[in-house]
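# Secondary and tertiary structure notes
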Amino acid sequence: MEFKNPQEDLEQFNSRVAFAGGFVLVCFALLFARFVWLQVIQHDYYRTRADENRISLVPITPNRGLIMDRNGIVLARNYSAYTLEITPTQVRDLEATIDGLAEFIDIEPKDRKRFKKLMEESKRFESLPIRTRLTDEEVAKFIARRFRFPGVDIKARLFRQYPRGAFASHVLGYIGRVTERDMARIEQQDAEANYRGTEHFGKTGLEQHYEFELHGATGFEQVEVDSGGRPVRTLARSAPVAGNNLTLTLDVKLQEIAEQAFGDRKGALVAIEPATGGILALVSVPNYDPNLFVDGITSADWEALNNSPAKPMVNRALNGAYPPGSTFKPYMALGALTLGKRRPEQALADPGFFNFGGHTFMDDKKGGHGMVDMYKSIVQSCNTYYYVLANDMGIDNIANFMGQFGFGSRTGIDIEGESEGVLPSPAWKKKRFKKPEQQKWYAGETISVGIGQGYNAYTPIQLAQAMATLANDGVMYRPHLVRHVTDTRSGAKTPVEPQPLRTLPLKQEHIDVIKHAMVGVNKEGTGARAFAGAEYVSGGKTGTAQVYSLRGAKYNKDAVKQELRDHSLFIAFAPADAPQIALAVLVENGGFGAQAAAPIARQVFDYYLLGKLPPGAAPADEDAKEADE
Amino acid sequence: MIRALWGKLVAPIDGPLMTILGLLLLFALVTMASASPARLTTLLTHMAIALTAMRVVAQLPPQRLMRLALPLYLFGVLLLVAVALFGDISKGARRWLDLGFIRIQPSELMKIAMPLMLAWYFQRHESRLRLKEYVVATLILLVPVALIVRQPDLGTSILVFSSGFFVIFFAGLPWKVILGLGATAAAAAPFAWHLLHDYQRQRILTLLDPEKDPLGKGFHIIQSTIAIGSGGILGKGWGQGTQAQLEFIPERHTDFIFAVYSEEFGLLGNLVLLVLYSLLIGRGLLIAANAATLFARLLAGAITLIFFTYAFVNMGMVSGILPVVGVPLPFVSYGGTALVTLMLGIGILMSIHKNRMLVQK
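Residues numbered from 1 in each chain as written. Chains lettered and ligands numbered in written order. Predicted model: local features only at pLDDT ≥ 70, side-chain atom pairs only at ≥ 80, totals over all residues.

Our next topic: the confidence of the model for chain A. Residue and element names in this part refer to chain A. The predicted model of chain A has a mean per-residue pLDDT of 88, with 93% of residues at 70 or higher. The low-confidence segment residues 549-554 (pLDDT under 50) makes one contact with residues lying over four places distant or belonging to another chain. For the stretch residues 617-629, pLDDT sits under 50, and the model shows 39 contacts to residues farther than four places along the chain or on other chains. (pLDDT = per-residue confidence, 0-100. Contact = placed C-beta atoms within 7 Å.)

Moving on to the nonpolar core. Counting residues in hydrophobic clusters, the biggest one holds 119 residues, and the most contacted among them are B:Leu118 and B:Leu299. Looking at which element gives the most residues to this core, the answer is helix 13 (residues 294-318) of chain B, with 19 residues. Every residue in contact with B:Leu299, bar those within four places of it in the chain, is listed here: B:Pro115, B:Leu116, B:Ala119, B:Ile348 and B:Ile352. Counting 118 residues, the second-largest nonpolar core is a separate cluster that includes A:Leu66, A:Ala317, A:Met402 and A:Ile415. (Core = buried A, V, L, I, M, F, W, Y, C linked by C-beta atoms within 7 Å. Buried ≥ 20, exposed ≤ 12 C-beta atoms within 10 Å, placed from the backbone. Helix = DSSP H or I, 4+ residues; strand = E, 2+ residues; numbered from the N terminus.)

On to the packing of helix 13 of chain B against helix 14 (residues 336-354) of chain B, then. Residue and element names in this part refer to chain B. As a packed pair, helix 13 and helix 14 sit with axes 10 Å apart at the nearest point and diverge in direction by 145 degrees. Note that helix 13 runs across helix 14; the crossing there is left-handed. Residue-level contacts link Ala296, Leu299, Ala300, Ile303 and Ile306 of helix 13 to Gly345, Ile348, Leu349 and Ile352 of helix 14. (Axes fitted to C-alpha atoms, helices over the stretch in contact; angles between N-to-C directions. Left-handed = near helix turned anticlockwise from the far one by under 90°.)

On to the interface of chain B and chain A, then. Taken residue by residue, the interface counts 39 residues in chain B and 34 residues in chain A. At the level of secondary structure, the elements contributing two or more residues to the side of chain B that touches chain A comprise helix 7 (154-170), helix 10 (219-231), helix 11 (242-245), helix 12 (257-290) and helix 13 of chain B. Ranked by residue count, the leading element in the side of chain B that touches chain A is helix 12 of chain B, at eleven residues.

Moving on: helix 21 (residues 508-524) of chain A. Residues and elements named next belong to chain A. With 17 residues, helix 21 ought to run about 24 Å at 1.5 Å a step, and its terminal C-alpha atoms sit 24 Å apart, in line with that. Where helix 21 is concerned, the buried positions are Val513, Ile514, Lys515, Ala517, Met518, Val519, Gly520, Val521 and Asn522. Turning to helix 21, the residues buried within the fold contact helix 13 (329-339), helix 14 (374-379), helix 20 (460-471) and strand 21 (539-545). (Expected span 1.5 Å × (residues − 1).)

So, on to the sheet that holds strand 9 (residues 231-238) of chain A. Residue and element names in this part refer to chain A. Strand order in this open sheet of three strands is 1-8-9, and the pairing throughout is antiparallel. In this open sheet, the two edge strands, each paired with only one partner strand, are strand 1 (55-60) and strand 9. With strand direction ignored, the average angle separating the axes of adjacent strands in the sheet is 30 degrees. In the sheet, strand 8 (residues 219-225) pairs with strand 9 via six bridges, with the strands oriented antiparallel. Opposite Phe220, over in strand 9, you have Ser238 as the bridge partner. (Pairing = 2+ DSSP bridges.)

Here we take up the environment of A:Gln380. Residues and elements named next belong to chain A. Inspection of the secondary structure assignment puts Gln380 in the loop between helix 14 and helix 15 (383-393). What makes Gln380 buried here is the crowd of 22 C-beta atoms within 10 Å. Residues Gln380 and Thr542, spaced 162 residues apart in sequence, show a C-alpha to C-alpha distance of 9.7 Å. Not counting the four nearest positions on each side in its chain, Gln380 is found in contact with His369 and Gly525.

With that out of the way, let us pick up the sheet that holds strand 23 (residues 581-587) of chain A. Residue and element names in this part refer to chain A. Overall, antiparallel pairing links the five strands, which are arranged 12-11-23-22-21 in an open sheet. One side of each edge strand has no neighbouring strand; the edge strands of this open sheet are strand 12 (279-285) and strand 21. When the angles between neighbouring strand axes are averaged without regard to direction, this sheet yields 5 degrees. Note that strand 11 (residues 267-272) and strand 23 share six bridges and pair antiparallel. Directly across from Leu269, in strand 23, lies its bridge partner Val585. Running over the sheet, helix 20 touches strand 11, strand 22 (567-574) and strand 23 and is turned about 150 degrees from strand 23.

On a regular strand, each side chain points to the face opposite its neighbour's, so the side chains alternate between the two faces of the sheet. All names here are of chain A. In this structure, strand 14 (residues 353-356) lies alongside strand 15 (residues 359-362), joined through four bridges in antiparallel fashion. Looking at the pairing, Phe354 lines up with Phe361 of strand 15. Between strand 14 and the antiparallel strand that follows it, strand 15, lie two residues; Gly357 among them carries a positive phi value of about 55 degrees.

Take the packing of helix 13 of chain A against helix 15 of chain A next. All names here are of chain A. It is at 11 Å that the axes of helix 13 and helix 15 come closest, and there the two elements cross at 45 degrees. When the axis of helix 13 is compared with that of helix 15, the two are oblique. For the pair helix 13 and helix 15, the crossing hand works out as left-handed. Contact residues: Lys329, Met332, Gly335, Ala336 and Leu339 in helix 13; Tyr386, Leu389 and Met393 in helix 15. (Parallel < 35°, antiparallel > 145°, perpendicular 65-115°, else oblique.)

Set out below in structure tokens:
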């Protein structure tokens, strides 16, 4: 292609210059349009984004509510202590930093292990404790060297404390660091915002059940931060509101006496105020120290608790299911009266055994109890009477009647994870077993159920609830530990219902027959030894739950290994005419009910009704041996 | 006496250009005082050096510049080859040449050497510009650009390429060729996609959807658009930009200084800045139109449009309509080399303007 003369070249150049100028203006107009879009049309959006960038909400964790017994004695509280905390993202070499700190602050291998575990569980920007409960000296030492440790700081934090240690641990439960599972519960409650900054969550017991009452309302501080998240200044602040306090129906002194009465034996006790369902004492021994869990339990402690054959972490009162043994008999008798299967005075000649379907069911008294009416059947705990009765009533009647007393269903106590137990019935068996031959209900099985053995398995809280319901003439309450929740801000007390769950369709005259017989137990029967000289009238029933099937051999306590020995049970109420307390006691492998469990009930009643303290530690009443069953 | 000296000193200085430049430098100082006050002294030093360089160049007649064109270009290409062979790697790119006593970035030199060389080449073949001359010019352009692309340094290669392209454009490359090349480039874009480095592809993807990785690759763009948008019409006021002061804007004294300026002075400030750049470019184009020789015309036109490229690419990327490439805001961003290069360009414009009549006489 050929190009023209210089003049034309110049014209062409100038036209291109003009074009370039136009192009520049178009491009700048484009930029300006973009600026208008960002700075005028979208301005509000970007201003919000800028504020979100710079304003950070720093949560202020509220004080957790206190837990107090019915007299205001504190069982769970908070104390402030200094912790040494590291923000892992702000530390270049974590190991070197911890080693440096260890030069003047006592950091044990278990602290490092715990810190590592926390790091795995936590979010990126959290500051995590490497050491808790620093001494004043350690605080001073760190402050003097703080400049050497960027990303490490000392913080004053509130810690949960259970001042009485292992006391009532199964009631109180404990708190631990928030886990994924806890987060799911928090989300369920729509409480994520309120849990920002919260590090602990109730794991068991009341701490778990009343978590959202105890937690309180988190306060917030609006802080201006730079891009590194470092606070520059505070813009606004809303104060946290402490969690609500729990006042229990529990009586600390009573609980103490009950726990001590067990000595080093394993077992459970539940004492209920029949007229309200309020729990006066709830014992599961052995206990554990909930303080171990507060800042993360060490693996050594955890293994020790978990591997102990005594199973201290199991709440026997709610999760131990035991055959009720003879403590089942008063309810069997009441069922017989209600269904018209027996009259109280109707007597049976007891030959000492009962033959059924080619099998002989033995009464444990050789030669039998002679002529036995309903009163005597309870006072002397005659098995034969109930073998025959069970057969006469039939399993469906038994199951229906017992179900009303709450046997085999959760009581709804304000602690989570309660077991159901087993109320045996053909329907239950069908559900429980897979093979058709196992699913069939045999009439012989009904006979065992009649004396509280066989498939029967109930939790001590169920036994206590049934006892309280009977003592309260059939008016049933949900057992509960918290009497009222106190709002810390207003001081308003929200009482926990004592509204009756239901009133059982029972006749008062029938109830009176059974109560009278149970008074007889403590006066002249299997409980008489334990209640000798009591200054009040009480009703009770002993029971022995078989752990080991004797297969016809004579039971010899000394020949059987301790863990295979029978469980000792006792249910009781007092005073007989207007019951203020009803309880169930279980001593694992304690042998006869009269021997191990009944004396514990006596001590509890003596204190609750008379204010009488037991003479020293719980003595096992060896003399009561021959009386039971 | 002093007046005479002063008169001699300012003799080659073009008043309008100097006024616009002075205002831009003032903006640079004001913004830097907010973005990074600690760098003010260094910035003033840079400005002093750059003004001196400008003044020196402004005094050189275009003929002298012409004589420098070929040696400067060859020297630049040589250095680029040296960089490719022995260069230092910094931040994953081989851009620097360590001469023992000084580390230099030869691609920066090319921003001036390229338009000089091409303008010189077209001047030499003024009377017979045929297809062959354009092909040779294209080769002169592409060799160093290819070397810079390989470093890799996308920002500088765009600037060097456009500086050369502007010369060819003003030299009269026919429109149908330009449009044809444009169409070819558009058609080849999917193919070129594969030639890009991963990080360059990432930048383009980030531009399309910065929120995909808000704390990583999208962070720059998101934070700078937040800064600009939150500035509003009047801005938050000098020193009051939270995005800038709380360090949410990365590289806020260099490539992203426009975000700081825009957050604190708002749409109004942006308008003033755009007007200043428009005036600067207008003055440059006027100088080009009035220049005496083809060499001077081409050089002045190309240099002026480079200023435009800097400004447009920088503001475009900071406001999120162009991918992030390392292009500073001309005369405002911190960085001594870039400032000197830009002011050399101003000096050349002044020299061309001063000498617009001499040749014809």
